[in-house]
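# Architecture at a glance
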Amino acid sequence: MSGAFAIVHVSAAIGARFTQYSVEFEPGGSLGPTEWQRFVYVLEGELEVKVCGQTHRLSKDGFAFLPQGSPHEVSAVTASRAAVIEKPYQPVAGFEPPKPFVGEETSIQSTALMGDEALQVRALIPASESYDFAVNTMTYLPGAALSMVEVHIMEHGLLMLEGGGIYRLGDSWYPVTVGDFIWMAAYCPQWFGALGKTPAKYLIYKDWNRGPFS
Ligand code: UGY
Ligand code: MN
């Protein structure tokens, strides 16, 4: 990358099967290439994304999915910050590899998690087996919480976007707030409860749509 600074939160070096980093861009700064799929979520400022002959402008809460092997450029129009997720693509028979797209988190319809209106989920990646990972936002009203301690085969990269609360990881309990990052390896027992007077919101990656033997 140039004119940009990366804080690498998690990578294969610690045992994860994806990489997640936060980037701080100067105006005109840009990402370097990747051999993998790339997902970019704007935290602050404005980015320009060029892919497949089209140019897109993304501001806060805008995002781009860039499939593996798609030549693209991501550069900063203004001083900006973004969350970036990269993962080697696992193709699956019968499904076309995904195409690039951009979107805006706030314009995605949310759904209540397991019927709990106080906990809203927005899926940023379409529901198709072409995709081998999911990225969601989860927004908790003050006092809302996951209804169970989850344990699952998928791993997570989690970035706190707003508010705060308590994250349970295994048998430990951590206060978390905006800017905190958590890597949850597969089978890490996990639970979150929102505290404070404003909603808590996080961006969460998980591997998805692929079997445990691949
Ligand atoms: O999608 C999830 O697994 C999500 N409910 N996990 C979490 O918030 N820690
Ligand atoms: Mn989970």
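Positions within a chain are numbered from 1, following the residues in the order the chain's sequence is written. Chain labels run from A onward and ligand labels from 1 onward, assigned in the order the entries are written. For a predicted model such as this one, the threshold for reporting local features is a pLDDT of at least 70, and the threshold for listing and counting side-chain atom pairs is 80 or more; totals across whole chains, interfaces and linings nevertheless cover every residue. Only hydrogens and water are removed before side-chain values are computed, so all heavy atoms of the structure are retained for them.

## Observations concerning the coordination of the manganese ion (ligand 2)
Because no water is among the atoms considered, metal sites can look incomplete, with donors defined as N, O and S atoms within 2.8 Å of the metal, or 3.2 Å for Na, K and Ca. For the manganese ion (ligand 2), every protein donor is listed as E150 (OE), H152 (NE2), H156 (NE2) and Q190 (OE1), and the spread of their distances is 2.1 to 2.3 Å. The geometry test gives tetrahedral to four donors whose angles all lie between 85 and 135 degrees, gives square planar to four donors and octahedral to six donors whose opposite members are over 155 degrees apart with all other angles between 65 and 115, and gives irregular to the rest. With six donor atoms in place around the manganese ion (ligand 2) and angles of 76 to 176° between them, the coordination shape is octahedral. Residue H156 is classed as buried on the basis of its relative accessible area of 3%. The buried label goes to any residue with under 20% of its type's maximum accessible area, the exposed label to any with over 50%, and the partly exposed label to all in between, with areas taken from a 1.4 Å probe on protein chains only.

## Describing the packing of aromatic side chains
In this scheme Phe, Tyr and Trp rings, the latter by its six-membered ring, pair at centre separations within 6.5 Å, and the angle between planes marks the pair as stacked below 30 degrees, edge-to-face above 60, and tilted otherwise. Applying the stated criterion across every chain yields a total of 14 aromatic pairs. Considering the side-chain rings of F65 and F101, the 5.5 Å spacing of their centres and the 25° angle between planes classify their relative orientation as stacked. Here F101 lies in strand β9 (residues 101-104) and F65 lies in strand β6 (residues 62-66), a separation of 36 residues in the sequence. Of the two residues, F65 and F101, neither departs from the other in class, the shared state being buried. Three or more aromatic residues joined by ring pairs form one cluster here, namely F18, F39, F63, F65, F101, Y131, F133 and Y205. Numbering of helices and strands starts at the N terminus; helices are DSSP runs of H or I of at least 4 residues and strands are runs of E of at least 2.

## Remarks on the sheet that holds strand β12 (residues 133-140)
Paired through backbone hydrogen bonds, the strands of a sheet run either parallel or antiparallel to each other. Strands sit in the order β10-β11-β12-β18-β13-β16 across an open sheet of six strands; the sheet is antiparallel. Edge positions in the open sheet fall to β10 (111-113) and β16 (181-184), since each of these has one partner strand only. Across the sheet, the mean angle from the axis of one strand to that of its neighbour is 30°, orientation sign disregarded. Any two strands between which DSSP finds at least two bridges are classified as paired. One ladder, built from three bridges, connects β10 with strand β11 (residues 116-123); its direction is antiparallel. Its bridge partner lying in β11, T111 is registered against V121. Axis angles are defined between N-to-C directions and span 0 to 180 degrees, where every axis is a line fitted to C-alpha atoms and, for a helix, only to the segment in contact.

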